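Take a look at the letters that make up each chain.
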Amino acid sequence: QVQLVESGGGLVQAGGSLTLSCVASGSTSSIRTMGWFRVLPGKQRELVALIGSGGSTDYADSVKGRFAISRDNAKNTVRLQMDALKPEDTAVYYCNAKAGSFIFRLSDYWGQGTQVTVSS
């Protein structure tokens, strides 16, 4: 079992910055990848960024160049640095971890979600 606790959401003006943090606890040694997803108003959940244990990253085209994901394996923490925020970034952001003892049998764990609102 993995537990994820998020923090850092809030209200920011367009062009501003915000940092989201996610701390994992429990069976953290079994975590393979961590990432951030978001749910825009009236939309399906979508990938924002992923990071592997070795530091490899993947970003959605809509945030590439503006957002940066990082990971501190020793502290079991993943961060999402969001710069040049746009109103269309307004969403509920969720921390995600894929964990398991076998690579073909990984389970998804989710944080509680944190609201990010960007005003124009």
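The paragraphs below set out a description of the structure included in this document. (Residues numbered from 1 in each chain as written. Predicted model: local features only at pLDDT ≥ 70, side-chain atom pairs only at ≥ 80, totals over all residues. Heavy atoms only, no water.)

This next bit is on the environment of V39. Relative to the helices and strands, V39 is located in strand β4 (residues 31-39). When its relative accessible area of 26% is taken as the criterion, V39 is described as partly exposed. Distance from V39 to G113, taken between C-alpha atoms, is 9.5 Å for residues 74 residues apart in sequence. Residue contacts for V39: discarding those within four places in its chain leaves R45, A91, V92 and Y94. (Helix = DSSP H or I, 4+ residues; strand = E, 2+ residues; numbered from the N terminus. Buried < 20%, exposed > 50% of the residue type's maximum accessible area, 1.4 Å probe, protein only. Contact = heavy atoms within 4.5 Å.)

Before going further, it helps to examine the state of the cysteines. In total, this model carries one disulfide according to the counting rule given. At a sulfur-sulfur separation of 2.1 Å, the disulfide partner of C22 is C95. As the torsion about the S-S bond is roughly -85°, the C22-C95 disulfide counts as left-handed. Here C22, found in strand β3 (residues 18-26), pairs with C95, found in strand β9 (residues 91-99); they are 73 residues apart in sequence, far enough to count as distant. Neither residue differs from the other here; C22 and C95 are each classed as buried. (Disulfide = S-S within 2.5 Å.)

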